[in-house]
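Given next are the chains, with one letter for each unit.
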Amino acid sequence: MRLILLGPPGAGKGTQCKRIIDKYHIAHLSSGDILRAERAAGSDLGKKAQGYMDSGALVPDNLIIDMMVKAMTGASQGYVLDGFPRTTVQAEGLDKALAKAGEKINAIVNLIVDDALILPRMTGRRSCPKCGAVYHILTLKPKVEGKCDKGCGDLVQRADDTPEVVGNRLKTYHQQTAAVVGYYKSKGAVILDIDAAQEIDQVTKAVFQKLDNLNK
Ligand code: ADP
Ligand code: AMP
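Residues numbered from 1 in each chain as written. Chains lettered and ligands numbered in written order. Predicted model: local features only at pLDDT ≥ 70, side-chain atom pairs only at ≥ 80, totals over all residues. Heavy atoms only, no water.

Undergrad: Just checking my understanding: could you explain the overall build of the chain for this structure?
TA: Regarding its fold elements, the chain presents nine helices and seven strands. The C-alpha radius of gyration of the chain comes to 17 Å, within 12% of the 17 Å expected for a compact globule of 216 residues. Its C-alpha atoms put the chain at 45 × 40 × 30 Å along the principal axes. As displayed, the chain offers around 11,200 Å² of accessible surface, 52% of which is attributable to carbon and sulfur atoms. For the chain, the centre of its 30 positive side-chain charges and the centre of its 24 negative side-chain charges are spaced 3 Å apart. (Helix = DSSP H or I, 4+ residues; strand = E, 2+ residues; numbered from the N terminus. Rg over C-alpha atoms; globule rule 2.2 N^0.38 Å. Areas by Shrake-Rupley, 256 points an atom, 1.4 Å probe, with all protein chains shown as cover. Lys, Arg positive; Asp, Glu negative; His and termini not counted. Charge placed at Lys NZ, Arg CZ, Asp CG, Glu CD.)

Undergrad: What's the story with the pairing of strand β1 (residues 2-6) in this structure? I'm lost.
TA: Across the five residues that make up β1, a large majority, four, are buried. With four bridges connecting them, β1 and strand β3 (residues 79-82) associate as parallel partners. Paired with Ile-4 across the bridge in β3 is Leu-81. Looking at chain direction, β1 and strand β4 (residues 107-112) are connected through four bridges and run parallel. Counterpart to Ile-4 in the pairing with β4 is Ile-108. (Buried < 20%, exposed > 50% of the residue type's maximum accessible area, 1.4 Å probe, protein only. Pairing = 2+ DSSP bridges.)

Undergrad: Just to check I follow, could you spell out the side chain of Thr-87 for this structure?
TA: In this fold, Thr-87 is placed in the loop between β3 and α5 (88-101). Residue classification places Thr-87 among the buried positions, given a relative accessible area of 7%. A distance of 3.0 Å separates a polar atom in the side chain of Thr-87 from a polar atom in the side chain of Asp-61. Beyond its immediate chain neighbours, meaning those up to four positions away, Thr-87 contacts Leu-58, Asp-61, Gln-176 and Val-180. (Polar contact = N/O pair within 3.5 Å; in protein donor to acceptor, adjacent residues only side chain to side chain. Contact = heavy atoms within 4.5 Å.)

Undergrad: Would you explain the packing of helix α2 (residues 31-41) against helix α3 (residues 44-55) in this entry?
TA: The geometry of a pair of packed helices is captured by two quantities: the angle between their axes and the separation between those axes. Running from amino to carboxyl end, α2 crosses α3 at an angle of 120°, the nearest separation of the two axes being 8 Å. By the angle class used here, α2 and α3 are oblique. The crossing of α2 and α3 is left-handed. Listed contacts from α3 to Gly-32, Leu-35, Arg-36, Glu-38 and Arg-39 of α2 are Leu-45, Gly-46, Ala-49, Gln-50, Met-53 and Asp-54. (Axes fitted to C-alpha atoms, helices over the stretch in contact; angles between N-to-C directions. Parallel < 35°, antiparallel > 145°, perpendicular 65-115°, else oblique. Left-handed = near helix turned anticlockwise from the far one by under 90°.)

Undergrad: Which parts of the structure should I look at to understand helix α9 (residues 200-213)?
TA: For the α-helix, the turn length of 3.6 residues means that residues three or four positions removed from each other point alike. If you check α9, its first and last C-alpha atoms are 20 Å apart, about what 14 residues at 1.5 Å a residue would give, namely 20 Å. Burial in α9 covers these residues: Val-203, Thr-204, Ala-206, Val-207, Phe-208 and Leu-211. (Expected span 1.5 Å × (residues − 1).)

Undergrad: Can you help me understand the site of ligand 2 in this one?
TA: In the region of ligand 2, 17 residues are neighbours, and Ser-31, Ala-57, Gly-83, Gln-90 and Arg-169 sit closest. Measuring from a nitrogen atom of ligand 2, one finds a side-chain N or O atom of Ser-31 at 2.8 Å. Separating a nitrogen atom of ligand 2 from a side-chain N or O atom of Arg-86 is a distance of 3.0 Å. Within the complex, the protein chains bury 95% of what would otherwise be the 480 Å² of accessible surface of ligand 2. Only α2 and α3 provide two or more residues apiece to the shell around ligand 2. Among the elements that line the shell around ligand 2, the one with the most residues is α2, at four residues. Here the residues of the shell around ligand 2 are counted per class, giving eight nonpolar, four polar and five charged. (Near = heavy atom within 4 Å. Nonpolar A, V, L, I, M, F, W, Y, C, P; charged D, E, K, R; others polar.)

So, in structure tokens, the structure goes:
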């Protein structure tokens, strides 16, 4: 199965992806996670990306398309794309790569949530820099405050989860990313709309229900 998860920053894409990959045994290809790993490794790509990421802007399309196509090539069991595509140019780049490989996306999971809910979700987010697990100080607390449940050690707050950068990221989303849903609608893709304002477990239930129905 090949999926795309769309939604604004803070919609819960990473959180739901972790549950989707556990159930359907596919790879989680998160453009944000891959970029953070490139930065941690001090690679050329990581260095090129850092200024854009720190300000809440998008990393240039050509860098992202190459990076994600490479990641997809290694995921023969199927995958869920998280945070990509984020522009219609990226969506076109993805279409070209899929056509070349003779592959198709089965469905697009579209997490719908109002801007008003985003700021508290993102400023309360805590992440594990080692395993990528995502928590929230109020809605998804770790068992021990500030520590990853999987024994990795300290949780961190992402530098781009400050109110100022979150504001920029939301602006970027509305200016450049929201149109991606329209792009897929115009292509007649299977789009599964999900109310992502619900509690985390309710969102998961709705996602699983729609994905399970896909092949019936
Ligand atoms: P994204 O990957 O879309 O940026 P995340 O999955 O990292 O979003 O979620 C952002 C924050 O909001 C995390 O702290 C997460 O625990 C929390 N969160 C995710 N989904 C929900 C939800 N349905 N209700 C409340 N909080 C949520
Ligand atoms: P995320 O982890 O998805 O919130 O992404 C963090 C940051 O990485 C974004 O604010 C962008 O700067 C950058 N980024 C992630 N995915 C993309 C993408 N598909 N296109 C451009 N920039 C991206």
